[in-house]
Every structure is written in structure tokens, then in C-alpha cells.
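Residue-level structural notes
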Amino acid sequence: SMASGQSNEDLDFASVQRDNPEMERRCQEVIDACWQLGDNNPIQFIHDVGAGGLSNALPELVNDGGRGGNFELRKVLSDEPGMTPLELWCNESQERYVMSVAPENMPVFEAICARERAPFAVVGEATAEQHLKLNDSQFDNKPIDMPLDVLLGKPPKMHRDVSSRKVSSPALDDAGITLND
């Protein structure tokens with residue numbers, strides 16, 4: 001985040017940010033109701049949708065669970081029907097969360113969301129293979145189809161050959177330098 005006027009104008013226009021404090025409150029009520037169920041909490045994993053939008057949150061969500069994921073872009077709820085695929089995938093929505101809920105726990109989750117009037121959508125599923133696939137049914141394509149380690153980083157291990165050497169230098173007295181108190 002940057003203070004107003006500190007960033008590049010082109011970057012500002014490429015950024016899509018939306019906020020909805022009322023929806024954020026409803027989402028928080030759902031989260032609170034779920035964790036208050038203790039061992040019956042339907043939420044397995046949760047991730048906020050901040051910088052990078054869903055392009056960051058969904059891959060990190062499944063990766064944190066040791067999984068990959070298949071997602072459908074057009075199942076993402078949006079108040080702006082004219083958003084491009086890039087805008088849908090990358091918009092920052094502070095009130096939005098992505099969650100992992102097992103299919104058998106969906107009825108409990110759905111009931112809590114209905115009570116709190118918090119809309120949600122099932123946008124995909126976790127997979128055993130650590131691979132990310134994003135389908136866009138509107139354009140009948142797969143804009144993303146890649147291993148998660150390519151996206152989230154699995155940098156090569158750095159090998160260093162290190163040796164120490166003693167540096168000899170003349171004593172200060174021998175160099176003709178005097179120190180003042």
C-alpha cells in the first residue's frame with residue numbers, strides 16, 4: 001500500500017480495488033459463527049483477498065493445504081459485470097475471503113451464510129496434484145494451467161564455496177598514524 005500520490009500513474013490505473021464495509025461485516029459474522037462451532041467448524045482453511053486478488057489468494061489457499069486447484073473464473077461473484085478476466089482474477093477486495101469447506105460441511109456453511117445474508121460461490125475444488133488450473137467459460141479457454149511451484153516459487157538451492165583468509169595489515173603505530181584522545 002502507498003499513500004495517495006506516491007505511486008506511478010500507470011500502476012494506479014492498472015489496479016482494481018473495491019471495498020464494501022457492510023459485506024466485510026457480514027463475512028466476519030460468518031467466520032465468527034463458524035469458528036464458534038469448535039470441532040464442527042466447516043472452514044478448513046481461510047485466506048483473505050488482499051493485494052493480488054484471487055490470483056494470490058486461491059493459489060496460496062490450496063498450496064497451504066498441500067494441494068492444487070481447479071477453478072472457474074465465471075463462478076466468481078462480481079458487482080461489475082464488465083470486468084475483464086484480468087480484473088476479475090486480480091482485483092483487491094478487502095471484504096472477500098476464500099475458504100476451503102469440505103462438501104459434507106457445505107449445508108452448515110450455506111445455512112450460516114443465508115442467516116448472515118452473506119453471498120458466496122463455490123468457484124472450484126482442491127486437487128491432489130499441486131497444479132493450478134483456471135478455466136474461463138465465457139471465452140472457452142484456460143488462461144492459467146501451471147504447476148504451483150512455478151507460481152509460488154521453489155527457488156534453486158544456492159551453493160556457496162566459502163573459504164576464509166587472514167588479512168594482514170601493519171599495526172597503526174607502524175604506519176605512522178597517531179591517535180588523539
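Scroll up to find the structure this text is about.
Residues numbered from 1 in each chain as written. Predicted model: local features only at pLDDT ≥ 70, side-chain atom pairs only at ≥ 80, totals over all residues. Heavy atoms only, no water.

**Topic: the overall build of the protein**
Rules: Secondary structure elements are taken from DSSP: a helix is a run of H or I of four residues or more, a strand is a run of E of two residues or more, and numbering for both begins at the N terminus. Think of it in three bands: with a 1.4 Å probe and only protein chains considered, a residue is buried below 20% of the maximum accessible area for its type, exposed above 50%, and partly exposed in between. In this description, contact between two residues means that some pair of their heavy atoms is separated by no more than 4.5 Å. Only the protein chains shown count as cover for residues, and the accessible areas themselves come from Shrake-Rupley with a 1.4 Å probe.
Along the protein, the regular secondary structure elements total six helices and eight strands. Reading the protein from its N terminus to its C terminus gives the helix and strand order α-β-α-β-α-β-α-β-β-α-β-β-β-α. Split into buried and exposed, the 181 residues of the protein put 28% on the buried side. Considering only contacts in the protein between residues 6 or more positions apart, those separated by 24 or more positions represent 72%. Summed over all atoms, the accessible surface of the protein reaches about 12900 Å², with 49% contributed by carbon and sulfur.

**Some words on the environment of Asn141**
Structurally, Asn141 can be placed in strand 8 (residues 141-147). Aside from chain neighbours lying at most four places away, what touches Asn141 is Leu134, Asn135 and Asp136.

**Observations regarding unusual backbone geometry**
You will see that Arg117, though not glycine, has its phi angle at about 55°, which is positive. Here Arg117 shows up in the loop between helix 5 (106-116) and strand 6 (124-127). The backbone phi angle of Asp140 is positive, close to 50°, even though this residue is not glycine. Mapped onto the elements of the fold, Asp140 is located in the loop between strand 7 (131-136) and strand 8.

**Digging into the packing of helix 2 (residues 21-35) against helix 5**
Put simply, the test is: Orientation is described by axes fitted as lines to C-alpha atoms, over the contacting stretch for helices, and by angles from 0 to 180 degrees between their N-to-C directions. Here the angle decides the label: under 35 degrees means roughly parallel, over 145 means roughly antiparallel, 65 to 115 means roughly perpendicular, and every other value means oblique. Helix crossings fall into two classes, left-handed where the near helix is turned counterclockwise from the far one by less than a right angle and right-handed where it is turned clockwise. For this classification, Asp, Glu, Lys and Arg are treated as charged, while Ala, Val, Leu, Ile, Met, Phe, Trp, Tyr, Cys and Pro are nonpolar and the rest, including Gly, are polar.
Direction vectors running N to C along helix 2 and helix 5 enclose 140°, while the axes themselves pass 9 Å from each other. Classified by the angle their axes make, helix 2 and helix 5 are oblique. In the crossing of helix 2 with helix 5, the sense of the turn from one axis to the other is right-handed. Residues Arg26, Glu29, Val30, Ala33 and Cys34 of helix 2 form the contact with helix 5, whose own contacting residues are Phe109, Ile112, Cys113, Arg115 and Glu116. Counted by class, the contact of helix 2 with helix 5 contains six nonpolar, no polar and four charged residues.

**Here we look at the nonpolar core**
The line we're drawing: The nonpolar core is taken to be a set of buried Ala, Val, Leu, Ile, Met, Phe, Trp, Tyr and Cys residues, with the residues joined through side-chain atoms within 4.5 Å.
Judged by nonpolar contacts, the single largest core of 18 residues is most densely connected at Leu54, Leu58, Phe71, Trp89, Val98 and Leu134. Counting residues per element, this core draws most heavily on helix 3 (residues 54-64), at five residues. Look past the residues within four positions of Leu134 in its chain and what remains in contact with it is Phe71, Glu72, Leu73, Trp89, Asn141, Lys142, Pro143 and Ile144.

**Some thoughts on the pattern of salt bridges**
Keep this limit in mind: For this document, the term salt bridge refers to a Lys or Arg side-chain nitrogen within 4 Å of an Asp or Glu carboxyl oxygen.
What the rule picks out here adds up to four salt bridges. Note that Glu22 is salt-bridged to Arg25, the shortest N-O span being 3.1 Å. Of the two residues, Glu22 and Arg25 both sit in helix 2, three residues apart, roughly one turn of that helix. The partly exposed category is assigned to Arg25, whose relative accessible area is 38%. For the salt bridge of Arg74 with Asp136, the shortest nitrogen-to-oxygen distance reads 2.7 Å. One end of the pair, Arg74, is in the loop between strand 3 (68-72) and helix 4 (85-90); the other, Asp136, is in strand 7, and 62 residues separate them in sequence.

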